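Below, each chain spelled out in residue letters.
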Amino acid sequence: MATVTTRTVQYHADGLTMAGHLALPAGDERRPAVLLGPEGPGLSDVERRRAEALAELGYVALAFDLHGGQYLADPEAMLARCMPLLDDPSRMRDIGYAALDVLRAEPRTDPGRIAAIGYGTGGAIALELGRAGVDLRAIATVNGLITGQPGEAARIRCPVWAGIGSEDPIMSAAKREAFATEMQSAGLDWRLVVYGGALHAFHHPPVDQPVVPGVGYHARHAQRAWRDVVELLGENLNDEAEIIVGS
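Residues numbered from 1 in each chain as written. Predicted model: local features only at pLDDT ≥ 70, side-chain atom pairs only at ≥ 80, totals over all residues. Heavy atoms only, no water.

Caption draft 1: Expanded view of the nonpolar core. Membership of the largest hydrophobic core comes to 41 residues, with the highest contact counts inside it found for Leu-35, Phe-64, Leu-103, Leu-136, Ile-139, Ile-156 and Val-160. The dominant element in this core, judged by the number of residues it contributes, is helix H3 (residues 89–105), at 6 residues. Residues contacting Leu-136, with those up to four places away along its chain left out, are Ile-114, Ala-115, Ala-116, Leu-129, Gly-130, Arg-157 and Cys-158. By size, the runner-up hydrophobic cluster in this structure holds 29 residues, among which are Ala-23, Leu-43, Ala-115 and Trp-226. (Core = buried A, V, L, I, M, F, W, Y, C linked by side-chain atoms within 4.5 Å. Buried < 20%, exposed > 50% of the residue type's maximum accessible area, 1.4 Å probe, protein only. Helix = DSSP H or I, 4+ residues; strand = E, 2+ residues; numbered from the N terminus. Contact = heavy atoms within 4.5 Å.)

Caption draft 2: Representation of unusual backbone geometry. Even without a glycine there, the phi angle at Asp-14 is positive, about 55°. When you line up the elements, Asp-14 lands in the loop between strand E1 (5–13) and strand E2 (16–24).

Caption draft 3: Quick look at the pattern of salt bridges. Using the criterion set out here, one finds 10 salt bridges in the structure. With its nearest N and O atoms 3.0 Å apart, the salt bridge here joins Arg-48 to Asp-45. Taken together, the positions of Arg-48 and Asp-45, both in helix H1 (residues 45–56) and 3 residues apart, correspond to about one turn of that helix. Across the salt bridge formed by Glu-128 and Arg-131, the nearest N and O atoms sit 2.8 Å from each other. Note that Glu-128 and Arg-131 are positioned in helix H4 (residues 121–131) at a spacing of 3 residues, about one turn of the helix. Using a relative accessible area of 0% as the deciding quantity, one classes Arg-131 as buried. Counted as one network, the salt bridges with shared partners bring together Arg-93, Glu-128, Arg-131, Glu-152, Arg-155 and Glu-182. (Salt bridge = Lys/Arg side-chain N within 4 Å of Asp/Glu carboxyl O.)

Caption draft 4: Spatial organisation of the packing of aromatic side chains. Under the definition given, this model contains 1 aromatic pair. With a centroid separation of 5.2 Å and 45° between ring planes, the pair formed by Tyr-195 and Phe-202 is classed as tilted. For the pair formed by Tyr-195 and Phe-202, the shared burial category is buried. Residue placement shows Arg-50 over the ring face of Tyr-119; its charged tip is 4.6 Å from the ring centre. (Phe/Tyr/Trp six-rings, centres within 6.5 Å; stacked < 30°, edge-to-face > 60°. Lys NZ or Arg CZ within 6 Å of the ring centre and 35° of its normal.)

Caption draft 5: Just the sheet that holds strand E7 (residues 160–165), in detail. Taken together, the 8 strands give an open sheet; going across it, the order is E1-E2-E4-E3-E5-E6-E7-E8, and neighbouring strands pair in mixed fashion. The two strands at the open ends of the sheet, each matched to only one other strand, are E1 and strand E8 (190–195). Taking each pair of neighbouring strands and ignoring which way they run, the sheet shows an average axis angle of 20°. As defined by bridge partners, strand E5 (residues 109–119) adjoins strand E6 (residues 138–142) across 5 bridges and the pair is classed as parallel. Its bridge partner being in E6, Ile-117 is matched across the sheet by Ala-140. Contacts between H1 and the sheet are confined to E1, E2, strand E3 (31–37), strand E4 (60–63) and E5, with E2 contributing the most and set at about 35° to the helix. (Pairing = 2+ DSSP bridges. Axes fitted to C-alpha atoms, helices over the stretch in contact; angles between N-to-C directions.)

Limitation: the analysis is restricted to geometry and does not speak to function.
Here it is in C-alpha cells:
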C-alpha cells in the first residue's frame, strides 16, 4: 500500500472556521486532485477514509467541511442548517470555492486536473461549482440531484455522473427527471445511475446517530457506486500513461 500523508487544514467559509481533511499520495510530484464533499451531517471518518483511499490511488484529496468542525448527528439540527443552505446557491458556491482554494494552494496539486465529487449536500455543492463555470475535469454527486437556475448548467465544462437509490424518498422520481432534463438540455456528457432497492445515503456505513426513515446503508451498491466514481476519475483526470486501479 502506498504511503499516504494526511493533515487537518483550517480555512474560513460561510462565517465559520472549517476543518478539512487533506490526504496526499506518496512522492513529491504534482498529481491530479479531488475535492470531496460530505453528506448533510458533515465531515466524518467516512469521508476522511475516502480521501485517504483516493490518495492511495494517486490523487491529492481534500474532504471539505460543512459546519465549522461539527458533525450534526441530530437530524433536526442538520436540517435546520442544510435546508437553507441548499436553497442558497451563492452560499453553496462560497463553501465550495473556499475549499477549492485550499486544494489549489497545495503544492502537490496539479491545478489543471481537479475533479469535484460529493454526497448529499456535498454533491449539491460540487454541482454548483460546475454551474458557476469552475474549471473541473469531472463532477460526481451521490444523493444530491439538486437542479440549478435556468441556463446555468450550460456553464458546466466537464462530464457529470450522478448516483441515486431507486427507493430514495428524498430524491424523488420528479427530481431525477428534472435533473436529467437539466443535464440533457445543456448538452452535457452526463450519466445517472439508479441503484435498485437502495435508500437515501445508501453509500454511508451505519453510524451512531438517530435512524431516519428512508435512509439506509446498502453495502453492495455502496461498493458499486465507489467503483463508478473511481472509474469516472480515472477516465477524466489521468494522462494516458497513468493507470489507476479501483478499490
